[in-house]
Every structure is written in C-alpha cells, then in structure tokens.
Amino acid sequence: MAADGGSSPLQLPCVFSPKSRQYLALCAQDGRLRVWNTDSKTLQQEYVPSAHLSATCTCIAWGPCRTVKEGPQRKKRKSEAVPVEEKADLLAMGTAAGTVLIYSTVKGALHCTLQDGGHSAGVNCVQWHPEESLLYSGSDDTYIVEWDLQTGKTRSKWKADRAAVTSLCVSPDGKLLLSAGHVIKMWDLDTKEVYRKFTGHSTAVTTLRFATSRPPDSNGLYFLSGASHDRLLSVWQVREDGKDKNSVVSFTLTDEPQHIDLVTSNSKDEAVRLAVVCKDGQLHLFEHFLNGPCKKPLSPSCSVQMSDTRESPMPIPLLAAALVADTRTVLLAYGSHLQPVMERVEVNTAERHVCLTRDVQTSLSLSLDTAVSKVKTPMVNDKSKILIPGLPGHQAPVKGSEKRKKGSDTKEMSIAERLGEIDLSAALAEKEGPKGTASLQTDNFAVLLVQGLESNDANILNKVLQTRKEVVIKKTVARLPLPAVLPLLEELTKRLQGHPFMAILMVRWLKAVLMHHTSYLASLPDLVNQLGVLYHMIESRVRMFHKLTKLHGKLYLLMTQVATSDLETGAEVDHTAKLVYEEESSDEDEASGDEGLPDEDSDHWEEEDEDEEEAAMEGTADDHEEADDDDDDDKDPDSRTESKANGEEDMEHENESEEE
C-alpha cells in the first residue's frame, strides 16, 4: 500500500510526508515521481528515473524527518540561534526491476541506488527504521533485505515466506518487523527469527500497520492488516501467552483498502484514530479503544465521498487522506494522479455520511512559467480580417502592431464571397464541358464522415454508414484522423442499439475501427469509460444469443419430429385405390357354356361324357377333402369358392348332356 510502503501492481503509490504533512509524493502512470506542496498546492519537484518506462515505481515510503544542512552559512551568535527544524528529506522508491532508489527532496536529486546483493525480482514494499539509518524491502523473490544507507550495501538478507512478500512494517520501538504474504510473521530484528505467526487472510496481505506503541509483553501491542479483495480490516493482539490465533477487532469497509493513515495509541485510555481510503474512492473514519476482543465488526463513524458540480454528478476518487492534530480536520488528495488537488477539510463526524461537491477544473492549480512557452500570437493590423477554420463566429485574439507599414493594408475576401466564386467557377466548368477546371470533390467518404460527425448531420452519416462494401469501409477507416475515432465509436454505439438490420451494418464499421486503430485506443487513459456502454451492450447481446441458439435448436428438433410424424400418418390413412378395373360376368358365363358343349360333328360324344363324369367325381372328392381340413379353409378361402364354381359348371354340363 502507499501508506505503508507497499503497493499492488494495479494501484499507484501515493503518500504524505510524516509529521508536518507538507509534501505529497506520488508516481503517476508515466513512471515519474512528483512531489507536491500541500500548503501552496503547487508542484514542488519532479524526478524522472532513467528507466521509468521499463522499471516503473511500485512503492514509496518517506524516511524519518531529520536535520539537513542546506549549504554554507555564516556563524550566528547565541542570541540569534534558532531551533533547527527537522524536515522530511529522503524518499525510498521500489521498482519493478528489483532496485531501490533513494531520492533527496532537499537536494532535488537522486541520493543513491540500492541494488548490489539485493533482490532478483520486483520490489513490493519498502519500510524505514524509525531510529537508525536502515531500510527494509520485500520482493517477489520471497526475501527480505536490510539495507545500510551509510554504506549503500546490504546488511542482511533472509527468506521470509514461500510466497512473495507484499507488505512490511517496523514497530515504533524498532525491535520488531511485520512481514506478510498470505501469512503474517513477526520477526525479531536482533536475531532475525520468527517471534509470532498470524493466519486469517485468504488473499495476499497488502497493508500492515502498528496501532499501539506498547511493549509486546504487556498484552497491549496491537496491529492491523488488510488484504486484497477483502472488505475488512483485521486488528490482531500480540498476547504474552501466545494465544493470538484470531483477530480481536474488525473494521468494515466498502471496498479493498488502498491508503491508510492512523494515530497510534500510547495507553488504554487513548483511542486509535484511523482514516482509510478504499479502492472505490471513499474515505472511512474510525475511532476505537483497543482494550480486548470485540465480536461484532465495527462500522465507520463517518464516511466521506466527493462529486463534481454537474447536473448529473459524477464521483471524484479520493487518492489519499492524512489525519492532522485537529481531530475535525482531514487533509485530502483527490482527482488525478497526474495533477491532484490537495485540500484541508473540516468533517462533521456527527453525520454518518458526508458528500462534498467540488469543481475539479477550477481547483486545479499548476504553476506554469509563461516565459518558457514558445507559442507566439501573430501581430496583425486592426483593420485586417482573419479567416480561420472552425465554427462560424469564432474569433482569434488580435493585437495591433506598429511595425507594419502603412501601405501593407490588403483587403481580403469574406467566406461568403469565396463561396460565391466557387459556385460561379463550378457553373462555368459545367458549361465549358470536360475541358473546364475540375469542381470540388465531395465523394470522399472519409471527409464526409468527419463532416457528419462534427456537424452531427444524420443525412451525411446515413449516406456513409449504409455502405456495404468491405473495401470502402476499410479505406475510409484507414483515412480517418485520430480525433474522429472516438466520436465515430460513440455514433456506432448509438446505432447498434437500434434496429437489428442497422446493427448488422454497424458491426462491419466497428470491426474495421477496432482492427485499424487498436494502438490509438490502447493509449487512451479513460478507454474503459469510453467503451463501457459498447462492451456491456455486446455482452448482453451475446448472452441473449446463447439462449436464442438453445431455443432455436429445440424448436428445430420439434418441427422436424412433427414433419416426420405427418408423413407417416399420411401413408397409413390413404387406402383408396387409384384405379379400378371391372369385368363383365355375362360374357364369361356364355363363353364358358359354349366351351362345355360338344361339337355337333363329333362322333365320340359318349367318350366325352365319360370324361366329364370322371372330372365331376374328382371335383366332389376335392370338396370332401377341403371340408375336412378346417385350417386350409381359413388360410385359403378363395380356393374353396373356385372349386365350388367348377363343380357347378360340371353339374350344368351333365344336365345339358342328359337333356340332349
């Protein structure tokens, strides 16, 4: 954390100087160290490390105040003797490369660099010894290094934990050292051995602070700890009997603690004052007497938020807070890391929630030297007119000049006259034919798109954005100037929220913009806020698309089953014959009768009668066999009817022969 010297990679270090709170040191996104004066609210110093881009600053810690000789001065008499003030001078910075830089604010230069025999990975936390010129640093290589600032070399080095060391804190008497990864360990600095162990956090501990200045043998030594992604600050008691496995007090927060400042308690009758700035930009104030365990988590006595003065107010994040001698006053730093705003605020602790409104734009006060600026205003005559691009009615500052000659006054045409001449030249070119001068070209989609975005003209934007050709879209986006990329994304976001048919066209433009201008978008500091609406909209659409695909699959399966069942039922029901043939029975009977009659010319009619009788006997024998066999009758009823028919025909032939 910034307050105790450690910081996670996502948090930028920011800490006030001890005692007087006169300076605010912080490292911004560009890797530069800036020291601000809280009294004059101006930038005091700025230091750019040689490797500020590759080895960024990860943690900051102010050294103890000391007397500093600012230069040779004349000897003063005893009557003129003034008590020497102790000032905050040295500033320790841990880097991602494993080195520790010591910067002197009095000299305004680098004091020394600590790297020989040190860490092999990035430094996570640095902590000063309150009395001796010693510095302790913890790193991702799981080691703790004790540095001697007089020699600039390591004094001792030992392995602290299996995981990375994320936080350190030295006791007020300088005899104990707290270190933390996932497990909090208390070390005896004389022997470099573990004095106690404390477990209770599931994530990496980022904050360690001693809350009391009592000896550990008196059961009155307390310290607090905070972890990443944890909304509780735990207070631990170092007991003499060693039964200190659980935390005794918990403070509730709204988010992960980012900056902590506290006033230690020297006795049981003195309360601990605590100011915690969370990751969500809120400040929580606590005041509690540490006299043993407390079962319920303690809520803050007062919570402070800040917002701007717009119609729809937006929150202003708090960067750091410091407690001063006056119990009602709190020193706040808010706004941006590049240009923070410092202010002393009186907080009414009787109210549980306090919201402060500030206009950040007018509060920013960065002193700039105007003589250094190389921008010069042109000196022109009072009577001359200046035509500049931009909105109509815009006027540039004009100053008179005496160096111009009197005869140098020239009359320039107004914009209306120029536009009239352009129209006339275009009309003449049309009359003259192809040999005339070319007219202005307005078919460039990139130019039209920029004009439509600046003027917010729906007709121009519809003409350009309704293009379906991929090549035209890619070339238009490639020719688009960088300042027009964000307005185009905002316009695409609005149109994506409309009709789905329009969204299909806008997706092509969005894809081209993201592919071609990725590097520019990645360099924007507020990219998350700019593309937040687009991201949430795409996420909601994709989430709904997954559900729709499931529904589509179920409906498709249901419809295919219905279609197949319809086909099967249709084949079973259709039993009607498509075509029926009918035969005449009378003709067949006559034909069969004629065939059975013997010819008149036949001389062997008696033999034929005998043959017919034999056939009739065989037919009767067959009839008897069919009557005995019931199973054959059931299986083949048609054969029985045919045999009966043959028998009837034979009987008819016999009757005819007898009559003859």
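Structure: see above.
Predicted, not measured: the structure shown is a model, and the values here were computed from it.

Draft legend 1. Summary view of empty space enclosed by the protein. Using the criterion set out here, one finds 4 cavities of 30 Å³ or more in the structure. The calculated volume of the largest cavity comes to roughly 70 Å³. As for the largest cavity, its lining consists of A211, L224, V235, F251, V272, L274, F286, E287, H288 and L290. Broken down by secondary-structure element, the contributors of at least two residues to the lining of the largest cavity are β22 (272–278) and β23 (283–288). With 3 residues, the top contributor of residues to the lining of the largest cavity is β23. Taken together, the residues of the lining of the largest cavity sort by class into 8 nonpolar, 1 polar and 1 charged.

Draft legend 2. Representation of the packing of aromatic side chains. Scanning all chains against the criterion turns up 8 aromatic pairs. Taken together through their ring pairs, the aromatic side chains of F198, F210, F223 and W236 make up a single cluster. Sitting over the ring of Y143, K157 keeps its end group 5.0 Å from the ring centre. Taking NZ or CZ as reference, K159 lies 5.5 Å from the ring centre of Y143, over its face.

Draft legend 3. Representation of a nonpolar patch on the surface within the structure. On the surface, a nonpolar cluster with roughly 540 Å² of combined accessible area is contributed by M544, L548, L551, L555, L558 and V562. On the basis of relative accessibility, which here comes to 47%, the residue L558 falls in the partly exposed class.

Draft legend 4. Representation of the pairing of strand β24 (residues 302–307) within the structure. Where burial is concerned, most of β24 is hidden: 5 out of the 6 residues are buried. Pairing of β23 with β24, which is carried by 3 bridges, proceeds in the antiparallel orientation. Bridging from a neighbouring strand, H284 pairs with S303 of β24. One ladder, built from 5 bridges, connects β24 with strand β28 (residues 353–357); its direction is parallel. Across the sheet, the residue bridging to Q305 is C355, located in β28.

Definitions and limits used
- Residues numbered from 1 in each chain as written.
- Predicted model: local features only at pLDDT ≥ 70, side-chain atom pairs only at ≥ 80, totals over all residues.
- Heavy atoms only, no water.
- 1 Å grid on protein atoms, 1.4 Å probe; cavity = no way out; pocket = protein on both sides within 12 Å on 5 of 7 lines; lining within 4 Å.
- Points joined across faces, edges and corners; volume = space filled by probe spheres on them.
- Helix = DSSP H or I, 4+ residues; strand = E, 2+ residues; numbered from the N terminus.
- Nonpolar A, V, L, I, M, F, W, Y, C, P; charged D, E, K, R; others polar.
- Phe/Tyr/Trp six-rings, centres within 6.5 Å; stacked < 30°, edge-to-face > 60°.
- Lys NZ or Arg CZ within 6 Å of the ring centre and 35° of its normal.
- Patch = residues over 30% accessible without salt bridge, like charges linked within 9 Å, V, L, I, M, F, W, Y side chains within 5 Å.
- Areas by Shrake-Rupley, 256 points an atom, 1.4 Å probe, with all protein chains shown as cover.
- Salt bridge = Lys/Arg side-chain N within 4 Å of Asp/Glu carboxyl O.
- Buried < 20%, exposed > 50% of the residue type's maximum accessible area, 1.4 Å probe, protein only.
- Pairing = 2+ DSSP bridges.

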